[in-house]
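# Geometric and topological summary
One-letter residues, chain by chain:
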Amino acid sequence: MSSDKSKNGSGASNEESTVRLKNPNIKLMDHDILYHIALGTQSHDLVQMFGDVKFVCMGGAPKRMQSFAKYIYSELQDILPPGTVLQDLQEHSHRYSFYKVGPILSISHGIGVPSLQILMHELIKLMYYAKVKDPVFFRIGTSGGIGIEPGTVVISEGAVDEMINPYYEQVVVGRKVQRPAKLDQELAHEMASLHQSDDEFDLVLGKTMCAMDFYEGQGRLDGAFCEHTQADKMEYLKKLHEAGVRNIEMEATCFSAFTHMAGIKAAILCVTFLDRLLGDQVRPSKDVLSQWELRPQQIVARYIRRHLSKS
């Protein structure tokens, strides 16, 4: 079925969107239901609802992305389109928090690759159906640092898995598929340039290791199970550091691979809550951690302000 038979375009080739869908089956579908965000090409006018989107900001915790939506609304009110309000779209998604502030989406993706990956499929299709041009995706998160001061913001230059492979691997119909976990280098360095001399935190560029687990997968010694030693852990973390890895989280390879495949410019900015070379447990108070969570948000807000001011 050709794309002009659906009001939002359900074909695999949409001349009005820069987002790439690499799925020939899409063109055979009369309509598409984006189940986990409760939207669809027949039930909603996706172009009218989301066609103005320029920035998609994602983070793990629902409350964090609610706070980010409120923060970005207050910070950018002077340059947002007239009449912009903070829209709570959670009625469309009981699994993810979902907010729209003019051309900015703020969405939670849950913890880990499986939760993120489901959302990435549907958000990429949403961008395509809404005929969005040149969106920029951000993952704004928290992480464990390696050899850097807690509270430091790490901007990822690329993602690697637990074996320091620069790709995302998953099993598809019984076969292992590897997809490059690439991020836009120009965007990463532009984000780094927005760090200001009076910021009360450090900012570094480095690789990000994506683990499939918070405990054993990150070499921790404090999980319910542990069959490695302190020496094993330190050897592994030092190997990561020598390879240029500066932080560990649980979504980077998937986020990088999916945005790269879709032709979407993307960046990952994570604040570190601890230095893993010095311990395994997150010890700062909740108030301190909440303050630290704002740091990558500030950098993203500066980027959005810069580019909205140009448009």
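Below: a short report on this structure.

Conventions we followed
Residues numbered from 1 in each chain as written. Predicted model: local features only at pLDDT ≥ 70, side-chain atom pairs only at ≥ 80, totals over all residues. Heavy atoms only, no water. Helix = DSSP H or I, 4+ residues; strand = E, 2+ residues; numbered from the N terminus. Rg over C-alpha atoms; globule rule 2.2 N^0.38 Å. Buried < 20%, exposed > 50% of the residue type's maximum accessible area, 1.4 Å probe, protein only. Areas by Shrake-Rupley, 256 points an atom, 1.4 Å probe, with all protein chains shown as cover. Lys, Arg positive; Asp, Glu negative; His and termini not counted. Charge placed at Lys NZ, Arg CZ, Asp CG, Glu CD. Phe/Tyr/Trp six-rings, centres within 6.5 Å; stacked < 30°, edge-to-face > 60°. Lys NZ or Arg CZ within 6 Å of the ring centre and 35° of its normal. Core = buried A, V, L, I, M, F, W, Y, C linked by side-chain atoms within 4.5 Å. Contact = heavy atoms within 4.5 Å. Expected span 1.5 Å × (residues − 1). Salt bridge = Lys/Arg side-chain N within 4 Å of Asp/Glu carboxyl O. Pairing = 2+ DSSP bridges. Arc of directions from axis to C-beta. Polar contact = N/O pair within 3.5 Å; in protein donor to acceptor, adjacent residues only side chain to side chain.

Next up on the list: the overall build of the chain. Broken down by element type, the chain carries 7 helices and 13 strands. Relative to the globule expectation of 19 Å for 311 residues, the C-alpha radius of gyration of the chain, 20 Å, shows essentially globular dimensions. Taken across its 311 residues, the chain has 51% of its residues classed as buried. In the form shown here, the chain has an accessible surface area of approximately 14500 Å², with 50% of it arising from carbon and sulfur atoms. Distance between charge centres in the chain, computed from 34 positive and 38 negative side chains, equals 4 Å.

Before going further, it helps to spend a moment on the packing of aromatic side chains. As enumerated under the stated definition, the model contains 7 aromatic pairs in all. Through pairs of rings, three or more aromatic residues link up here, namely F55, F138 and Y303. Over the aromatic face of F214 sits the side chain of R220, whose NZ or CZ is 3.9 Å from the ring centroid.

So, about the nonpolar core. One broad rule of soluble globular proteins: the nonpolar side chains tend to lie buried together. If you look at the biggest cluster of nonpolar residues, it comprises 44 residues, and the most contacted ones within it are F50 and L126. Among the secondary structure elements, those contributing two or more residues to this core are α1 (46–50), β3 (55–59), β6 (104–108), α3 (113–129), α6 (252–262) and β13 (265–275). For this core, the element with the most residues is α3, which contributes 10 residues. Those residues in contact with F50 that sit more than four places away from it in its chain are L39, L89, F98, K100, L105, L126, A130 and V132. Counting 37 residues, the second-largest nonpolar core is a separate cluster that includes F68, L76, V153 and A188.

So, about helix α2 (residues 62–76). Spanning 15 residues, α2 covers 21 Å between terminal C-alpha atoms, matching the ideal 21 Å at 1.5 Å per step. Here α2 has its buried residues at R64, M65, F68, A69, Y71, I72 and L76.

A separate point is the pattern of salt bridges. As enumerated under the stated definition, the model contains 11 salt bridges in all. When the shortest N-O distance is used, the salt bridge between K131 and E16 registers 3.4 Å. Here K131 is found in the loop between α3 and β7 (136–145), whereas its partner E16 is found in the segment before β1 (33–34), with 115 residues between them in sequence. The exposure class assigned to K131 is partly exposed, which follows from its relative accessible area of 22%. Measuring nitrogen to oxygen at the nearest pair gives 3.0 Å for the salt bridge that ties R139 to E249.

Two faces make up the sheet, and in a regular strand the side chains alternate between them. Bridge count between strand β8 (residues 153–160) and strand β11 (residues 203–210): 7 bridges; the pairing is parallel. Its bridge partner lying in β11, V154 is registered against V204. Here β11 runs beside strand β12 (residues 245–249); their pairing, made up of 4 bridges, is parallel. Each bridged residue has a counterpart across the sheet, and for M209 the counterpart in β12 is I248.

With respect to the helices and strands, A301 occurs in helix α7 (residues 286–310). Here A301 is in contact with Y71, I72 and L76, once residues within four sequence places are set aside.

With that out of the way, let us pick up unusual backbone geometry. Residue A38 is not a glycine yet carries a positive backbone phi of 50°. Summarising the element assignment, A38 is placed in the loop between β1 and β2 (39–40). Judged by relative accessible area, which is 37%, A38 ranks as partly exposed. Despite not being glycine, D134 shows a phi value in the positive range, around 50°. Counting through the fold element by element, D134 comes out in the loop between α3 and β7. A relative accessible area of 57% places D134 in the exposed class.

Here helix α5 (residues 230–242) contains 13 residues, and its C-alpha end-to-end distance of 18 Å stays within 8% of the 18 Å for a straight helix at 1.5 Å per residue. Residues of α5 that are buried include every one of K233, M234, L237 and L240, and no others. On an axial view of α5, the arc spanned by its buried residues comes to 125°, and they lie on one face. Away from its buried face, by an angle of more than 90 degrees, α5 presents the exposed residues A231, E235, K239 and E242. Buried residues belonging to α5 abut β11 and β12.

Next up on the list: the pairing of β12. Buried residues dominate β12, accounting for 4 of its 5 residues. Where β7 lies against β12, 2 bridges are found, and the strand directions are antiparallel. Its bridge partner lying in β12, G145 is registered against N247.

Structurally, T272 can be placed in strand β13. When its relative accessible area of 0% is taken as the criterion, T272 is described as buried. Side-chain polar atoms of T272 contact the backbone oxygen of E149, separated by 3.3 Å. Other than its neighbours up to four places away in sequence, T272 contacts S143, G144, G145, I148, E149, P150, G151, T152, V154, N247 and W292.

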